[in-house]
Amino acid sequence: MKVYYDLHIHSALSPCASDDMTPLNIVAMASVKGLDVIAINDHNSIENVAAAMECGRDFDVMVIPSMEVQTAEDIHVLTMFEDFSSLKAFHDTLTKRQIANDEHIFGRQLIFDCDNNIIGKENILLMAGVLENINTVIERAQKYGGVAAPAHIDRPQNGILAILGDVPIDLPITTLEFSKYASDNIKERYKRYNQIYNSDAHRPEDISDKTNWLEIEKLSPKSFLKAVRGGI
Ligand SMILES: [Zn+2]
Ligand SMILES: [Zn+2]
């Protein structure tokens, strides 16, 4: 079956995202846009994922438990898992840089329930990243059954190409995420990888339209992640 996806959406927990990006609003907008599968990928945190998964069940939108990790090299990597407990176990192994968030400079980092109520906020600056390097992040995500894909690899900020100059051939990945601005040259150069395209939305209106799709065997996180890996 063919499913339409957007696997890179920031909730209001990310300081750079709009406060309108509640789990409920995100899932509702994804439903309006006709998406079948989405993922909330906040920076180094997972506090709005469970609520989004709960909302997703009401809207028939499958929410893949995910997080966008900022590695020690400041490279962004999408990490996606079959279930919330695997994501949480992975998340809990990471060491976050302990820098306090200044809301007036960076924005609020809000945690919601499934009914749009604020139930907390994160005080550590989530854009500060973790102490683990990219190899460790990828290998550890895989240890918990997850898929890791360097994010927006063509982007000058936090993309692997800008920071390392290339995708190291020995990096144990099969999938790369490209921004919507990626050139045909870059897509061609990395055609040996499975390529995914997401919105990296920080506002509800920026969530992907029904554009990017994958062919999967059945509608389950396991089957979907198999397709993200490129069937490997
Ligand atoms: Zn990013
Ligand atoms: Zn992002």
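Calculation notes
All residue numbers here refer to positions counted from 1 along the written sequence of the relevant chain. Lettering for chains starts from A, numbering for ligands starts from 1, and both go in the order in which the items are written. Residue-level local features of this predicted model are given only where pLDDT is at least 70; pairs of side-chain atoms are given and counted only at 80 or more, and the full residue set underlies all totals for whole chains, interfaces and linings. Hydrogens and water are ignored here; the side-chain numbers use all heavy atoms of the structure. Note on classification: 1.4 Å probe, protein chains only; a residue is buried when its accessible area is under 20% of the maximum for its type, exposed when over 50%, partly exposed between these limits. Only runs of H or I of at least four residues qualify as helices and only runs of E of at least two qualify as strands under DSSP, and these elements are numbered from the N terminus. Every residue pair with non-hydrogen atoms within 4.5 Å of one another is taken to be in contact. Coordination shells were defined by N, O and S atoms within 2.8 Å of each metal, extended to 3.2 Å for Na, K and Ca; water is absent from the atom set, which can make sites look incomplete. In short, tetrahedral needs four donors with all angles between 85 and 135 degrees, square planar needs four and octahedral six donors with opposite donors over 155 degrees apart and all other angles between 65 and 115, and whatever is left is irregular. Note on pairing: two strands pair once DSSP finds at least 2 bridges between them. Whenever a carboxyl oxygen of Asp or Glu lies within 4 Å of a side-chain nitrogen of Lys or Arg, that contact is scored as a salt bridge. Think of a patch as exposed residues, more than 30% relative accessible area, with no salt bridge, where like charges cluster within 9 Å and nonpolar side chains (Val, Leu, Ile, Met, Phe, Trp, Tyr) cluster within 5 Å. Calculation of accessible area relied on Shrake-Rupley with a 1.4 Å probe; when residues are assessed, cover is drawn exclusively from the protein chains displayed. The charge count includes Lys and Arg as positive and Asp and Glu as negative, but it does not include His or the ends of the chains. To locate a charge, take NZ of a lysine, CZ of an arginine, CG of an aspartate or CD of a glutamate. Orientation is described by lines fitted to C-alpha atoms, with helices fitted over the stretch in contact, and by angles between N-to-C directions that extend from 0 to 180 degrees. It is the rotation of the near helix from the far one that decides the hand of a crossing: anticlockwise by less than a right angle makes it left-handed, clockwise makes it right-handed. Residue polarity is assigned by list, with Asp, Glu, Lys and Arg as charged and Ala, Val, Leu, Ile, Met, Phe, Trp, Tyr, Cys and Pro as nonpolar; anything else, Gly included, falls into the polar class. Assignment of crossover handedness uses the view with strands pointing away from the viewer, where a clockwise path from the first strand over the helix to the second indicates a right-handed crossover.

### Re helix H2 (residues 49–59)
- Within H2, the full set of buried residues consists of Val 49, Ala 51, Ala 52, Met 53, Cys 55 and Gly 56.
- Buried residues in H2 make contact with helix H1 (23–32), strand S2 (37–40), strand S3 (62–63), strand S4 (66–70), helix H3 (84–93) and strand S6 (110–112).
- Just beyond H2, the residue with positive phi is Asp 60, at close to 55 degrees.

### Details of the coordination of the zinc ion (ligand 2)
- Distances from the zinc ion (ligand 2) to its protein donors, namely His 8 (NE2), His 10 (NE2), Glu 68 (OE) and Asp 200 (OD), fall within the range 2.0 to 2.4 Å.
- Given 4 donor atoms and angles of 77 to 172 degrees at the metal, the environment of the zinc ion (ligand 2) is assigned as irregular.
- Going along the chain, you hit the donors of the zinc ion (ligand 2) in the pattern H-x1-H-x57-E-x131-D.
- The metal-metal distance between the zinc ion (ligand 2) and the zinc ion (ligand 1) is 3.2 Å, with Glu 68 coordinating both. Taken as a pair, His 10 in the loop between strand S1 (2–9) and H1 and Glu 68 in strand S4 lie far apart in primary sequence, 58 residues in all.

### With respect to the sheet that holds strand S11 (residues 213–215)
- Across the sheet, which stays open at both edges, the 4 strands sit in the order S3-S2-S1-S11 with mixed pairing between neighbours. Each having just a single partner strand, S3 and S11 make up the two edges of the open sheet.
- Taken together, the 2 bridges between S2 and S3 define a ladder with parallel strand orientation. Residue Ile 38 lies in a different strand from S3, and its bridge partner there is Val 63.

### Quick look at the pattern of salt bridges
- Tallied over the full model, the rule gives 11 salt bridges.
- Note that Arg 97 and Asp 74 form a salt bridge whose closest N and O atoms lie 3.7 Å from each other. With Arg 97 in the loop between H3 and helix H4 (103–106) and Asp 74 in the loop between S4 and strand S5 (76–80), this pair connects stretches of sequence that are 23 residues apart.
- Taking the relative accessible area as the measure of exposure, Arg 97 reaches 26% and is therefore partly exposed.
- Several salt bridges share partner residues, and in doing so they unite Arg 203, Glu 205 and Asp 206 into one network.

### Side note on a negative patch on the surface
- On the surface, a cluster of negative charge is contributed by Glu 54, Asp 58, Asp 60 and Asp 115.
- Following the sequence through the fold, Asp 60 ends up in the loop between H2 and S3.
- For Asp 60, a relative accessible area of 68% gives the class exposed.

### Digging into the packing of H1 against H2
- Put simply, H1 and H2 touch, their axes get as near as 9 Å, and they point 35 degrees apart. For the crossing formed where H1 meets H2, the hand is right-handed. Facing H1, whose interface residues are Pro 23, Leu 24, Val 27, Ala 28 and Ser 31, H2 presents Ala 51, Ala 52, Cys 55, Gly 56 and Phe 59.
- For the contact of H1 with H2, a count of residues per class yields 8 nonpolar, 2 polar and no charged.

### Here we look at the sheet that holds S5
- Taken in spatial order, the 3 strands make up an open sheet running S4-S5-S8, and their pairing is antiparallel. Strands at the two margins of the open sheet, each flanked by one partner only, are S4 and strand S8 (147–150). Averaged over all pairs of adjacent strands, the angle between strand axes in this sheet comes to 25 degrees, irrespective of strand direction.
- Packing of helix H5 (residues 134–143) onto the sheet brings it into contact with S4, S5 and S8, and relative to S5 it is tilted by some 10 degrees.

### Quick word on the pairing of S1
- A large share of S1 lies buried, amounting to 7 of its 8 residues.
- One ladder, built from 3 bridges, connects S1 with S11; its direction is antiparallel. Bridge pairing links Val 3 to Leu 214 in S11.
- Relative to S2, S1 is paired through 3 bridges, and the arrangement is parallel. Of the residues in S2, the one forming a bridge with Asp 6 is Ile 38.
- One crossover worth recording links S1 to the parallel S2 by way of H1, and it is right-handed.

### Section: the coordination of the zinc ion (ligand 1)
- Protein coordination of the zinc ion (ligand 1) is provided by Glu 68 (OE), His 76 (ND1) and His 152 (NE2), with donor distances spanning 2.1 Å.
- Counting residues between consecutive donors of the zinc ion (ligand 1) along the chain gives the motif E-x7-H-x75-H.
- Judged by its relative accessible area of 2%, His 152 is buried.

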